[in-house]
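Remarks on the overall topology
Here are the chains, one letter per residue:
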Amino acid sequence: MTNGPTLQVYSEIGRLKKVLLHRPGLEIENLMPEVMERLLFDDIPYLEVARQEHDAFANIFTSTGIEVLYLEDLVTEAIKDSGVRDQFIKDFVAEAGIHGDDRKMALKELFGSFRNHREMVDKMMAGIRKEEIVFSKKSSLSDLMDDEYPFIVDPMPNLYFTRDPFATIGTGVSLNHMRTTTRCRETLFAKYVFDHHPDFAKPDIKFWYNRDEEYSIEGGDILILNEKIVAVGISQRTDSEAVERLARRIFTDGQSFETVLAFDIPKSRAYMHLDTVYLLWWITINLPFTQKLKAH
């Protein structure tokens, strides 16, 4: 970033100045075998090791002069105003898939009881087990039928894939509509950052796509090749209609981009996103070279 527009991203491989991360939190410890498939995980990471690896990764950035921003910090700073915080709690509870008015009210009261905003944000990300909230009685049929599932609010273990919920393209943002229900809430954090954070709630930041639109698009399918070309994957997670809508808005705004390349990739989890396909391609063409290096 320079003294120009707040956001300026015109390359996937240009010199990095700022990066957004999420340090793995207690949402990882709330993963359990019976919810792994629902939460899109094939295995359960060990939190202590995950944090050690993350910190080593982040230190590589900071040691080379790259500023590291953390999602949890930005959200905390964005909801400092009490009115914004109250609305954030309402929106979060509304999107958490909670059955029963009593449960919704109990959760609003729980989040409202946090005096430390950062602790509240961490708790939202970590998820809430049923035993953490005591109900005086079973007040609805949904309460009675939902006894076996361990969570009232699911944990959000995919948050450290910060590339997917939104993507910066030129001087604007695609605030994405995630394909799966379990990841849709992630974009609520980004919405509040861009609506209320003093560094990012700026009139010069345009929205090429928004989270409440009907078609799905995810950041892993968006690759900025240079200041004139953007590549977008039509994938298991991204609809062709969303790609077309994104392209039209970028062109209409007068950005430097002249071409949006749409790649129709296999609709399977093995490929998932365009950046996954690119990684598989890179490994394929470089594997013989790396094997030769090891041999010598």
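Our subject in this report is the structure included herewith. Here the structure is a predicted model, which means the values were calculated and not measured. (Residues numbered from 1 in each chain as written. Predicted model: local features only at pLDDT ≥ 70, side-chain atom pairs only at ≥ 80, totals over all residues. Heavy atoms only, no water.)

Turning next to the overall build of the protein chain. Helix and strand counts for the protein chain stand at eleven helices and ten strands. Counting every position in the protein chain, which comprises 296 residues, the buried fraction comes to 45%. Intrachain contacts of the protein chain at a sequence separation of at least 6 include 72% that bridge at least 24 residues. Summing over all exposed atoms, the protein chain offers an accessible surface of approximately 15900 Å²; the carbon and sulfur share of this is 54%. (Helix = DSSP H or I, 4+ residues; strand = E, 2+ residues; numbered from the N terminus. Buried < 20%, exposed > 50% of the residue type's maximum accessible area, 1.4 Å probe, protein only. Contact = heavy atoms within 4.5 Å. Areas by Shrake-Rupley, 256 points an atom, 1.4 Å probe, with all protein chains shown as cover.)

Moving on: helix α6 (residues 117-126). The buried count for α6 comes to seven of ten residues, which makes it a mostly enclosed element. Looking only at α6, the buried set comprises His-117, Met-120, Val-121, Lys-123, Met-124, Met-125 and Ala-126. Against the buried residues of α6 lie α1 (26-29), α3 (71-78), α4 (82-94), α5 (101-112), β3 (128-129) and α9 (186-196). Positive backbone phi, at 95°, marks Gly-127, one or two positions downstream of α6.

Here we take up the side chain of Glu-27. Inspection of the secondary structure puts Glu-27 in helix α1. Buried Glu-27, no salt bridge; nearest opposite-charge side chain is Arg-51, N-O distance 6.7 Å. Separated by 2.8 Å, the side chains of Glu-27 and His-22 make a polar contact. A polar contact of 2.9 Å, which involves the side chain of Glu-27, links it to the backbone nitrogen of Gly-25. Residues in contact with Glu-27, not counting those within four places in the same chain, are His-22, Met-125, Ala-126, Pro-155, Met-156 and Pro-157. (Lys, Arg positive; Asp, Glu negative; His and termini not counted. Salt bridge = Lys/Arg side-chain N within 4 Å of Asp/Glu carboxyl O. Polar contact = N/O pair within 3.5 Å; in protein donor to acceptor, adjacent residues only side chain to side chain.)

Below, the discussion takes up the packing of α4 against α5. Relative to each other, α4 and α5 sit at 145°, their axes nearing to 10 Å. Every pair of crossing elements has a handedness; the one defined by α4 and α5 is right-handed. Residues Arg-85, Ile-89, Lys-90, Phe-92 and Val-93 of α4 touch α5, and the partners they reach there are Lys-104, Leu-107, Lys-108, Phe-111 and Gly-112. (Axes fitted to C-alpha atoms, helices over the stretch in contact; angles between N-to-C directions. Left-handed = near helix turned anticlockwise from the far one by under 90°.)

In this section: the packing of aromatic side chains. Counted according to the given criterion, the structure contains eleven aromatic pairs. A centroid spacing of 4.9 Å and a plane angle of 65° characterise the contact between Phe-88 and Tyr-192, whose relative ring orientation is edge-to-face. With Phe-88 in helix α4 and Tyr-192 in helix α9, this residue pair connects regions lying 104 residues apart in the sequence. Both residues of the pair, Phe-88 and Tyr-192, belong to the buried class. Taken together, a centroid distance of 4.8 Å and an interplanar angle of 45° make the contact between Tyr-160 and Phe-161 tilted. Three or more aromatic residues joined by ring pairs form one cluster here, namely Phe-88, Phe-92, Phe-111, Phe-189 and Tyr-192. (Phe/Tyr/Trp six-rings, centres within 6.5 Å; stacked < 30°, edge-to-face > 60°.)

Where α4 contacts α9, the axes come no closer than 11 Å and their chain directions differ by 155°. Accordingly, the angle class assigned to the pair α4 and α9 is roughly antiparallel. In this structure, α4 crosses over α9, and the sense of that crossing is right-handed. Residues Val-84, Gln-87, Phe-88, Asp-91 and Phe-92 of α4 form the contact with α9, whose own contacting residues are Leu-188, Phe-189, Tyr-192 and His-196. Considering only residue class, the contact of α4 with α9 consists of six nonpolar, two polar and one charged. (Parallel < 35°, antiparallel > 145°, perpendicular 65-115°, else oblique. Nonpolar A, V, L, I, M, F, W, Y, C, P; charged D, E, K, R; others polar.)

This next bit is on a nonpolar patch on the surface. A grouping of Leu-225, Leu-261 and Phe-263 is seen on the molecular surface, where their side chains present a nonpolar patch of about 240 Å² in accessible area. With respect to the helices, strands and loops of the structure, Phe-263 is situated in strand β10 (residues 259-264). Taking the relative accessible area as the measure of exposure, Phe-263 reaches 37% and is therefore partly exposed. (Patch = residues over 30% accessible without salt bridge, like charges linked within 9 Å, V, L, I, M, F, W, Y side chains within 5 Å.)

Now for the side chain of Thr-168. Structurally, the position occupied by Thr-168 is in strand β5 (residues 166-169). Apart from the residues within four sequence positions on either side, Thr-168 is in contact with Leu-7, Val-9, Val-173 and Ile-224.

Here the focus is the sheet that holds strand β6 (residues 172-175). Sheet architecture is open: three strands sit in the order β5-β6-β7, paired in mixed fashion. For this open sheet the edge positions go to β5 and β7 (206-209), each flanked by a neighbour on one side alone. Taken pair by pair, the neighbouring strands of this sheet meet at an average axis angle of 30°, ignoring direction. Here β5 pairs with β6 via four bridges, running antiparallel. Within β6, the residue paired with Phe-166 across the bridge is Leu-175. In the packing of helix α10 (residues 240-253) onto the sheet, contacts are made with β5, β6 and β7, and the angle to β7 comes to roughly 150°. (Pairing = 2+ DSSP bridges.)

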